[in-house]
Amino acid sequence: MSSKINLFICMFILHLLSAHSVKIGIYELKKGDFSVKITNYGATIISVLLPDKNGKIDDVVLGYDTIEEYLNGTSYFGALVGRVANRIGGAQFTLNGTLYKLVPNEGKNMLHGGPKGFSKVVWKVSKYVKDGPCPYITLTYFSPDGDQGFPGAVLASVTYALKDPYKLSVVFKGKALNKATPINLSHHPYWNIGGHNSGDILSNVIQIFGSHITLVDKELIPTGKIAPVKNTPYDFLKPRKVGSRIDKLQNGYDINYVLDGTEKMKPVGIVYDKKSGRVMDVKASAPGVQFYTSNWDKTIKGKGGFVYQSHAALALETLVFPDAVNHPNFPSTIVKPGERYVHKVLYTFSIKKY
């Protein structure tokens, strides 16, 4: 019996043994006045606490007060999304001559891995160091063959770590255990670096290091065409306010940018909130980033009873392009047995006092 089959059998047995014993908990990583709380339900970031230019500590991600609200929520607040992040058109794709029909959860399409994607399952805590020089937590999840319609079993993991100074490192990993399958992990913190309860983010200044976007249809499924952002409302190559041209769009921003850098950890975006002085600098190893401005058409009751309005936060979801499984001209998300998927993100927070 091959080592790959042995690995698959061992992982499956471990999954069966642990599936009923994994409990939902909240885990804090703390380094001075910088702290992050995570729940193993959906490998979700539920808070990020940081000082502002006056030393005031604020929570800079949207979310809920209770685990029950995360269980019932539909906004993906802070969640890890997969096996394939973002959208797959028609909830289907063909791989090696076989058509795979997935479980749709956004009309006829699949969003963020389906109705029971990685954001809707309980992850196992495999390592946890609360404080010290490098606090971190590693969470793992076994996704069986056929999960939400995807081929092959996958072992996924994510490690969240705090580093100096005010850095949050996120490392996603995935292994295809017995069949080739798409893997495209991301996560969905809704950032308002002025504070989760500070109002909208339209006055935040943002720079996005992507000179092209992947064009989409009315259902936000990529057409396969890649277009320059120059002379369009999508141009954030130079810093400008999020709301400076948002009125040119129907609802707001929800589009994938093709990142320009060639470095292993390429620049993604920089966000600045003048009132608090906070700056968030994002780098990642992924080729794209989905810029989303919380375009919901209803209010959502969040932490402390605060009501989140439309544009209450922004998301910068680094990933391989949406619907890549159906567009050969996009970077591939297919991972073969024996190959390893790795996606790294680094958030660096700082203060601008002028």
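Residues numbered from 1 in each chain as written. Predicted model: local features only at pLDDT ≥ 70, side-chain atom pairs only at ≥ 80, totals over all residues. Heavy atoms only, no water.

Per an unreviewed UniProt entry, the protein chain is named Aldose 1-epimerase, and its organism is Anisodus acutangulus. Turning to the protein chain, the UniProt annotation filed under Sequence similarities (unreviewed entry) states: "Belongs to the aldose epimerase family." UniProt lists a comment for the protein chain under the heading Pathway (unreviewed entry), and it reads "Carbohydrate metabolism; hexose metabolism." (UniProt positions renumbered as here; feature names shortened; annotations may be inferred.)

Trainee: Teacher, can you tell me more about the overall build of the protein chain here?
Mentor: What the protein chain contains, in helices and strands, is 2 helices and 28 strands. For 354 residues, the compact-globule formula gives about 20 Å, and the C-alpha radius of gyration of the protein chain, at 20 Å, lands near that figure. Across its three principal axes, the protein chain shows a C-alpha extent of roughly 65 × 45 × 40 Å. Counting over 354 residues, the protein chain shows a buried share of 53%. Restricting the contact set of the protein chain to residue pairs at least 6 apart, pairs at least 24 apart contribute 66%. As displayed, the protein chain offers around 15500 Å² of accessible surface, 54% of which is attributable to carbon and sulfur atoms. (Helix = DSSP H or I, 4+ residues; strand = E, 2+ residues; numbered from the N terminus. Rg over C-alpha atoms; globule rule 2.2 N^0.38 Å. Buried < 20%, exposed > 50% of the residue type's maximum accessible area, 1.4 Å probe, protein only. Contact = heavy atoms within 4.5 Å. Areas by Shrake-Rupley, 256 points an atom, 1.4 Å probe, with all protein chains shown as cover.)

Trainee: Hey, could you run me through the UniProt feature "binding site: beta-D-galactose" (unreviewed entry) in the protein chain in this one?
Mentor: The UniProt record marks N86, R87, H188, P189, Y190 and D254 with the feature "binding site: beta-D-galactose" (unreviewed entry), using the residue numbering of this structure. If you take the residues mentioned a moment ago, the ones lining the largest pocket come down to N86, R87, H188, Y190 and D254. Note that R87 resides in strand β6 (residues 87–88). Those residues in contact with R87, other than ones at most four positions away along the chain, are E106, M110, L111, E219, L220, I221, D254, Q290, P322 and D323. Of note is the side chain of R87, whose polar atom sits 2.7 Å from the side chain of E106. Looking at the secondary structure, you find Y190 in the loop between β15 (186–187) and β16 (205–208). When near neighbours in sequence (up to four residues on either side) are disregarded, Y190 contacts V60, V61, L62, S75, Y76, F77, G78, Y292, S294, W296, A313 and L314. (1 Å grid on protein atoms, 1.4 Å probe; cavity = no way out; pocket = protein on both sides within 12 Å on 5 of 7 lines; lining within 4 Å. Polar contact = N/O pair within 3.5 Å; in protein donor to acceptor, adjacent residues only side chain to side chain.)

Trainee: Just checking my understanding: could you explain the sheet that holds strand β1 (residues 26–31) for this structure?
Mentor: Hydrogen bonds between backbone groups are what pair the strands of a sheet, and the pairing can be parallel or antiparallel. Strand order in the open sheet formed by 4 strands is β1-β2-β3-β4, with antiparallel pairing between adjacent strands. The open sheet has two edge strands with one neighbour each: β1 and β4 (57–59). Averaged over all neighbouring strand pairs, the angle between strand axes comes to 15 degrees, with direction disregarded. Taken together, the 6 bridges between β1 and strand β2 (residues 34–39) define a ladder with antiparallel strand orientation. (Pairing = 2+ DSSP bridges. Axes fitted to C-alpha atoms, helices over the stretch in contact; angles between N-to-C directions.)

Trainee: Would you take a moment to explain the environment of W191 for this structure?
Mentor: Mapped onto the elements, W191 comes out in the loop between β15 and β16. Accessibility expressed as a relative area gives 1% for W191, which makes it buried. W191 sits 131 residues away from V60 along the chain, and the two C-alpha atoms are 5.9 Å apart. If we ignore the near neighbours within four places in the chain, the residues touching W191 are V48, V60, V61, I201, M280, A313, L314, Y347 and F349.

Trainee: Looking at this structure, how should I read the pairing of strand β17 (residues 212–216)?
Mentor: Moving residue by residue along a regular strand, the side chains alternate between the two faces of the sheet. By the bridge criterion, 4 bridges tie β17 to strand β18 (residues 222–228) in an arrangement that is antiparallel. Each residue of the ladder has a partner; that of T214, found in β18, is I226. Where β17 folds back onto β18 in an antiparallel hairpin, the turn is made up of 5 residues, including L220, whose phi is positive at roughly 65 degrees. Across 2 bridges, the pairing between β17 and strand β20 (residues 254–258) is antiparallel. Paired with I213 across the bridge in β20 is Y257.

Trainee: What's the story with the packing of aromatic side chains in this structure? I'm lost.
Mentor: Throughout the structure, instances matching the rule amount to 24 aromatic pairs. With centroids separated by 5.3 Å and ring planes inclined at 70 degrees, the aromatic side chains of F236 and Y253 adopt a geometry described as edge-to-face. You can see F236 sitting in the loop between β18 and β19 (240–241) and its partner Y253 sitting in the loop between β19 and β20, a full 17 residues away along the chain. For F236, a relative accessible area of 0% translates into the label buried. By relative accessible area, which is 0% here, Y253 ends up buried. The ring of Y272 carries K352 above its face, with NZ or CZ at 4.2 Å from the centroid. (Phe/Tyr/Trp six-rings, centres within 6.5 Å; stacked < 30°, edge-to-face > 60°. Lys NZ or Arg CZ within 6 Å of the ring centre and 35° of its normal.)

Trainee: So what exactly am I meant to see when it comes to the pattern of salt bridges here?
Mentor: Pairing between side chains of opposite charge can happen when the charged atoms of each approach one another. Following the criterion strictly, the structure yields 9 salt bridges and no others. What emerges from the salt-bridge pattern is a single network uniting K56, D58 and R278. (Salt bridge = Lys/Arg side-chain N within 4 Å of Asp/Glu carboxyl O.)

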